[in-house]
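# Descriptive structure summary
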Amino acid sequence: MTTTLITGGTVVSATGRGEADVLIDGERIVAVLEPGSQLLGSDLKSSVDTVIDASGRFVIPGGIDAHTHMEMPFGGTEASDTFETGTRAAAWGGTTSIIDFVVQRQGERVQDSLAEWHERAGGNCAVDYGFHQIIGGVDDDSLAAMRGLLDEGVSSFKLFMAYPGVFYSDDAQVLKAMQVSADTGLMTMMHAENGPAIDVLAEQLVAQGKTDPYYHGIARAWQMEEEATHRAIMLADVAGAPLYVVHVSAKQAVAQIATARDGGKNVFGETCPQYLYLSLEDQLGARSDEWGEFEGAKWVCSTPLRSRAEGHQDHMWQALRTNDLQMVSTDHCPFCMKDQKELGRGDFRAIPNGMGSIEHRMNLMYQGVVAGHLTLERWVELTSTTPARMFGLYGRKGVIQPGADADIVVYDPNGHTSIGIDKTHHMNMDYSAWEGFEVDGHVDTVISRGRVIVDGGEYRGRPGDGRFVKRGLSQYLV
């Protein structure tokens with residue numbers, strides 16, 4: 001077993017910060033010590049294999065991105081990041097675990113889809129990974145199969161109120177699946193948008209000649225998100241099931257979640273960096289010499305970017321501070337512009353929905369600390385500790401304490417990160433959705449289960465470093 005001592009740094013947790021030394025033995029953390037402690041000997045540094053000097057830097061638990069879509073089939077193509085390229089990019093950005101979505105469609109067996117995703121990911125990941133299960137076809141067979149998911153280490157499933165004809169579930173199907181959630185303890189994850197109504201609006205816009213990416217955001221109006229969020233909450237209440245609303249972008253949807261939580265319900269929500277920083281006006285409405293008004297396709301995702309004039313971005317930051325929203329994930333589902341996004345040139349409905357952010361989430365959220373939106377502790381809580389608790393990983397992941405996996409990031413608050421396609425960019429995309437963003441901080445060292453995989457601007461990992469992690473039930477329920 002290799003031993004490593006991280007010294008001189010400030011260990012930051014969800015509940016506080018303080019100077020401490022962290023001792024790693026093999027893949028696990030075995031001690032968190034007061035600086036200068038002689039509890040394990042008078043010269044601990046000389047007795048370990050490796051010493052990492054973290055002076056002047058933060059020592060935090062590795063990031064957990066609980067919403068990713070590697071290799072996801074969508075819109076006639078497939079997400080451009082493989083499990084190999086996507087998890088390598090995650091490692092560069094300080095994320096040491098992901099939870100990806102297994103895709104089951106109508107007519108397919110849940111067991112077969114799970115086996116396929118194990119085949120896709122196995123031996124290819126740079127960091128540890130788990131799975132959520134998409135139930136795209138709710139029927140008697142899939143409902144029965146859901147009851148065996150926990151035995152497979154999959155403790156959550158996702159339903160869609162959007163995308164009729166692809167993943168859409170009607171209210172009766174949603175209720176039946178949520179009843180399984182209530183019986184088993186599985187977490188119901190919901191894409192909350194009124195898909196049939198959105199399709200009507202989109203068809204009308206295209207008929208009027210309004211085909212540019214900007215109108216993707218107009219068709220998917222915030223009312224469609226608020227209504228579906230409310231409906232999902234009511235159905236979960238009837239079923240007695242916990243509910244986790246993914247990629248919340250509208251302040252009105254946040255209000256629905258906050259009301260449910262104020263009433264003591266097990267209702268939770270995540271947002272994503274794009275809904276904190278980007279907007280309908282600036283990104284979906286962008287134009288360039290290369291792409292013209294199709295430039296906005298780079299930022300087509302669902303739920304869509306919202307209007308800055310309406311104040312959605314500021315409200316998302318506020319909701320993170322007040323715990324009306326509990327987590328920040330990426331919904332990482334990247335597509336290149338060439339041959340992928342451009343499938344929707346002339347009709348925004350055909351643009352593959354998704355953005356690439358897995359490499360930048362930890363940095364972008366740290367910039368929120370710099371800007372005064374969040375505390376250091378809340379940064380760690382949103383990006384690591386709560387994801388671990390929410391999805392049954394806490395104790396092993398999301399915390400620096402004896403017995404936990406040695407997933408650790410040494411972060412330099414005095415460093416700097418410039419984001420761009422020719423700067424910091426390891427995702428398999430031909431553009432950066434975050435081109436030109438500057439971050440007042442830097443990921444210096446990334447440790448995954450005791451092994452240094454990124455250090456000093458060098459990638460030291462390899463495919464297969466990451467392992468599948470079986471998850472238990474949520475540790476966040478009240």
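Up top you'll find the structure we're talking about.
Presented here is a report on the structure given in the accompanying data block. For clarity, every value in this text was computed on a predicted model and none was experimentally measured. (Residues numbered from 1 in each chain as written. Predicted model: local features only at pLDDT ≥ 70, side-chain atom pairs only at ≥ 80, totals over all residues. Heavy atoms only, no water.)

## Some details on the overall build of the protein chain
- A count of helices and strands for the protein chain gives 14 helices and 23 strands.
- Taking 478 residues into account, the globule formula puts the C-alpha radius of gyration at 23 Å, and the protein chain, at 22 Å, falls close to it.
- In terms of overall dimensions, the protein chain has a C-alpha envelope of 75 × 55 × 40 Å along the principal axes.
- Carbon and sulfur atoms provide 46% of the accessible area of the protein chain, an area that totals close to 16900 Å².
- Both charge centroids of the protein chain, one from 39 positive and one from 65 negative side chains, sit 2 Å from each other. (Helix = DSSP H or I, 4+ residues; strand = E, 2+ residues; numbered from the N terminus. Rg over C-alpha atoms; globule rule 2.2 N^0.38 Å. Areas by Shrake-Rupley, 256 points an atom, 1.4 Å probe, with all protein chains shown as cover. Lys, Arg positive; Asp, Glu negative; His and termini not counted. Charge placed at Lys NZ, Arg CZ, Asp CG, Glu CD.)

## A few points about the environment of Asp314
- With respect to the helices, strands and loops of the structure, Asp314 is situated in helix H12 (residues 312-322).
- Once the C-alpha coordinates of Asp314 and Thr77 are considered, the two residues, 237 residues apart in sequence, prove to be 34 Å apart.

## A short note on the sheet that holds strand S23 (residues 458-459)
- Within the open sheet, the seven strands sit side by side as S3-S2-S7-S18-S21-S22-S23. Their pairing is mixed. What marks the edges here is a single partner per strand, and that holds for strand S3 (17-19) and S23.
- As paired strands, strand S21 (residues 442-448) and strand S22 (residues 451-455) are joined by four bridges and run antiparallel to one another. Within S22, the residue paired with Ile447 across the bridge is Val452.
- In this fold helix H14 (residues 376-390) packs onto strand S2 (10-12), S3, strand S7 (58-61) and strand S18 (408-412), with an angle of close to 30° to the strand it touches most, S7. (Pairing = 2+ DSSP bridges. Contact = heavy atoms within 4.5 Å. Axes fitted to C-alpha atoms, helices over the stretch in contact; angles between N-to-C directions.)

## A short note on the pattern of salt bridges
- Following the criterion strictly, the structure yields 31 salt bridges and no others.
- Note that Glu27 is salt-bridged to Arg467, the shortest N-O span being 2.7 Å. On the criterion of sequence distance, the pair formed by Glu27 in the loop between strand S4 (21-25) and strand S5 (28-33) and Arg467 in the segment after S23 is long-range, its members being 440 residues apart.
- A relative accessible area of 28% places Glu27 in the partly exposed class.
- The partly exposed category is assigned to Arg467, whose relative accessible area is 42%.
- For Lys298, the salt bridge goes to Glu295, with nearest N and O atoms at 2.9 Å. For the pair Lys298 and Glu295, one class covers both residues: buried.
- Several salt bridges converge on common partners, so that one network encompasses Glu27, Arg28, Asp128, Arg396, Lys397, Asp405, Asp407, Arg449 and Arg467. (Salt bridge = Lys/Arg side-chain N within 4 Å of Asp/Glu carboxyl O. Buried < 20%, exposed > 50% of the residue type's maximum accessible area, 1.4 Å probe, protein only.)

## As for helix H13 (residues 361-370)
- For H13, a buried count of nine out of ten residues is recorded, marking the element as mostly surrounded by other parts of the structure.
- Within the sequence span of H13, burial applies to Arg361, Met362, Asn363, Leu364, Met365, Tyr366, Gln367, Gly368 and Val369.
- Positioned one or two residues after H13, Gly372 has a phi angle of 90°, which is positive.

## Notes on the sheet that holds strand S14 (residues 187-191)
- Taken in spatial order, the eight strands of this open sheet run S8-S11-S12-S13-S14-S15-S16-S17, and their pairing is parallel. Two strands lie at the open edges of the sheet, namely strand S8 (63-68) and strand S17 (327-328), each paired on one side alone.
- In the sheet, strand S13 (residues 156-160) pairs with S14 via five bridges, with the strands oriented parallel. Across the sheet, residue Phe160 finds its bridge partner in S14, namely His191.
- Sheet strands in contact with helix H5 (residues 171-184) are S13, S14 and strand S15 (243-245), and its direction is about 150° off that of S14.
- Each of S14, S15 and strand S16 (267-271) touches helix H8 (residues 222-239); the most contacted strand, S15, lies at about 170° to it.

## Concerning the state of the cysteines
- Using the criterion set out here, one finds zero disulfides in the structure.
- We note that Cys125 lacks a disulfide partner, and the nearest cysteine sulfur, in Cys333, lies 16 Å from it.
- This cysteine, Cys272, is not joined by any disulfide, and Cys301 carries the nearest cysteine sulfur, 7.8 Å off.
- Given the relative accessible area of 0%, Cys272 is considered buried. (Disulfide = S-S within 2.5 Å.)

## Digging into helix H3 (residues 110-121)
- For H3, spanning twelve residues, the distance from its first C-alpha to its last is 17 Å, which sits close to the expected 16 Å at 1.5 Å a residue.
- Among the residues making up H3, those that are buried are Val110, Ser113, Leu114, Trp117, Arg120 and Ala121. Considered in projection along H3, the buried side chains sweep an arc of 120° and stay on one side of the axis.
- Turning to H3, the residues buried within the fold contact strand S9 (73-74), strand S10 (77-78), helix H2 (83-92), strand S11 (95-105), strand S12 (128-136) and helix H4 (140-146).
- One or two steps after H3, the chain reaches Gly123, where phi turns positive at roughly 75°. (Expected span 1.5 Å × (residues − 1). Arc of directions from axis to C-beta.)

## A word on the environment of Leu477
- Residue position: Leu477 is located in the segment after S23.
- Under the relative-accessibility criterion, Leu477 is labelled partly exposed at 37%.
- Residues Leu477 and Lys265, 212 residues apart in the sequence, show an inter-C-alpha distance of 9.1 Å.
- Apart from the residues lying within four places of it in its own chain, the contact partners of Leu477 are Met187, Pro242, Asn266 and Phe268.

## Let's talk about the side chain of Gln274
- Turning to its location among the elements, Gln274 is positioned in helix H10 (residues 273-277).
- Look past the residues within four positions of Gln274 in its chain and what remains in contact with it is Cys301, Leu305, Thr330, Asp331, Met355, Ser357 and Trp434.

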